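Take a look at the letters that make up each chain.
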Amino acid sequence: MKIAIGCDEAGFEMKNILKQLLIEEGHSVKDFGAFDLIPVLYPDIAYAVAQSVASGANERAVLICGTGIGMAIVANKVAGIRAAQAHDHFSAERARMSNNAQIITFGARVIGIELAKSILKTWLKAEFVGGGSAPKVALIAEYEQKGLKK
């Protein structure tokens, strides 16, 4: 799978570890930064990562900041993107299965690296099941299109 990854300085260490895990699992990874511990404006990174998914250049993405909240908010500004913050296995699985979330966000100051690795594996294995969730996801897309037609 082609996966984009990005972080701010707070998520730098976690990003590098998760990136290595993704590579070891056989995924192709595009790293959007940060590339060191120098403070950056995370919205720039989150937006670029989300655009790469929306355009089809990447299938899924992982974003990491201090809490995971800001990255999710920014990524969800890109049309067609559903980004979900997940700090437990059930939420990560449901983000994919029920909401077809293409992006997962983590808070490096919220969860430890071993839990993040495990949650990431859960999210990667999960697929959108459609069913009763399909009309809900379609309605989200409809609302998004209405919002774009100002």
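The shown structure was predicted, so the numbers you read here are calculated from the model rather than taken from an experiment. (Residues numbered from 1 in each chain as written. Predicted model: local features only at pLDDT ≥ 70, side-chain atom pairs only at ≥ 80, totals over all residues. Heavy atoms only, no water.)

## Comments concerning the overall build of the protein chain
Put simply, the rule reads: Numbering of helices and strands runs from the N terminus; a helix is a DSSP stretch of H or I covering at least four residues, while a strand is a stretch of E covering at least two. With C-alpha atoms as the basis for the radius of gyration, the globule rule is written as 2.2 Å multiplied by the number of residues raised to the power 0.38. A simple rule labels every residue: compare its accessible area, found with a 1.4 Å probe on the protein chains alone, to the largest value its type can have, and call it buried under 20%, exposed over 50%, or partly exposed in between. Between two residues, a contact is recorded if the distance between any of their heavy atoms is within 4.5 Å. Only the protein chains shown count as cover for residues, and the accessible areas themselves come from Shrake-Rupley with a 1.4 Å probe. For the charge count, each Lys or Arg is scored as positive and each Asp or Glu as negative, with His and the chain ends excluded. Every charge is mapped onto a representative atom, which is NZ of Lys, CZ of Arg, CG of Asp or CD of Glu.
Regarding its fold elements, the protein chain presents six helices and five strands. The N-to-C order of helical and strand elements in the protein chain reads β-α-β-α-β-α-β-α-β-α-α. In summary, the protein chain has a C-alpha radius of gyration of 14 Å against a globular reference of 15 Å for 150 residues, a match within 12%. Projected onto its principal axes, the C-alpha coordinates of the protein chain cover approximately 40 × 30 × 25 Å. When the 150 residues of the protein chain are sorted by exposure, 44% land in the buried category. Considering only residue pairs separated by 6 or more positions, the protein chain has 69% of its internal contacts joining residues 24 or more positions apart. For the protein chain, the computed accessible surface area is about 7,500 Å², with 56% contributed by carbon and sulfur atoms. With 17 positive and 15 negative side-chain charges, the protein chain shows a separation of 7 Å between the mean positions of the two kinds.

## Here's the deal with the packing of aromatic side chains
To describe a pair of aromatic rings, you give the distance between the ring centres and the angle between the ring planes. Rule in force here: Here a pair means two rings of Phe, Tyr or Trp (six-membered ring of Trp) with centres within 6.5 Å. Their orientation is stacked below 30 degrees between planes, edge-to-face above 60, and tilted elsewhere. Only lysine NZ and arginine CZ atoms are considered, and such an atom sits over a ring when it is within 6 Å of the ring centre and within 35 degrees of the ring normal.
Counting across every chain of the model gives zero aromatic pairs. Looking at Lys30, its charged tip hangs above the ring of Phe32, at a distance of 5.4 Å from the centre. Here Arg60 stacks its cationic end above the ring of Trp123, 4.9 Å away from the centre of that ring.

## Some words on helix H4 (residues 89–97)
As a reminder of what qualifies: Residues adjacent in sequence count toward polar contacts only when both atoms are side-chain atoms; beyond that, a polar contact is any pair of N or O atoms within 3.5 Å, and within protein one must be able to donate a hydrogen and the other to accept it.
Looking at H4, one finds that the buried residues are Ala92, Ala95, Arg96 and Met97. Where the residues of H4 are buried, they touch strand S3 (60–65), strand S4 (83–85), strand S5 (103–107) and helix H5 (113–125). The backbone nitrogen of Phe90 has a side-chain oxygen 3.2 Å away, supplied by the residue at the start of H4, namely Asp88.

## Describing the pairing of strand S1 (residues 2–7)
For clarity, the threshold we go by: Here the rule is simple: two strands pair whenever DSSP picks up at least two bridges between them. Orienting the strands away from the viewer, one traces the path from the first strand over the helix to the second; a clockwise path indicates a right-handed crossover.
The element S1 is extensively covered by neighbouring structure, given that five of its six residues are classed as buried. As defined by bridge partners, S1 adjoins strand S2 (residues 28–31) across four bridges and the pair is classed as parallel. From the neighbouring strand, Ala4 faces S2, where its bridge partner is Lys30. The parallel pair S1 and S2 is bridged by helix H1 (residues 12–24), and the resulting crossover is right-handed. Sheet topology note: the S1/S3 ladder contains five bridges and is parallel. Counted as the bridge partner of Ile3 is Arg60 from S3.

## Side note on the environment of Met14
Summarising the element assignment, Met14 is placed in helix H1. Through-space distance from the C-alpha of Met14 to that of Asn99 is 25 Å; in sequence the pair is 85 residues apart.

## Here's the deal with the pattern of salt bridges
Stated precisely, the cut-off is as follows: Here, a salt bridge means any Lys or Arg side-chain nitrogen found within 4 Å of an Asp or Glu carboxyl oxygen.
The tally for this structure, following the rule as stated, stands at six salt bridges. Here Lys15 makes a salt bridge to Asp31, at a shortest N to O gap of 2.9 Å. With Lys15 in helix H1 and Asp31 in strand S2, the pair connects residues that are 16 residues apart, well separated along the chain. Like Lys15, the residue Asp31 is buried in the burial classification. Note that Glu127 is salt-bridged to Arg96, the shortest N-O span being 3.0 Å. On the criterion of sequence distance, the pair formed by Glu127 in the loop between H5 and helix H6 (134–148) and Arg96 in helix H4 is long-range, its members being 31 residues apart. Relative accessible area serves as the criterion here: at 43%, Glu127 is assigned to the partly exposed category. One connected set of salt bridges, linked through shared partners, spans Lys15, Lys19 and Asp31.

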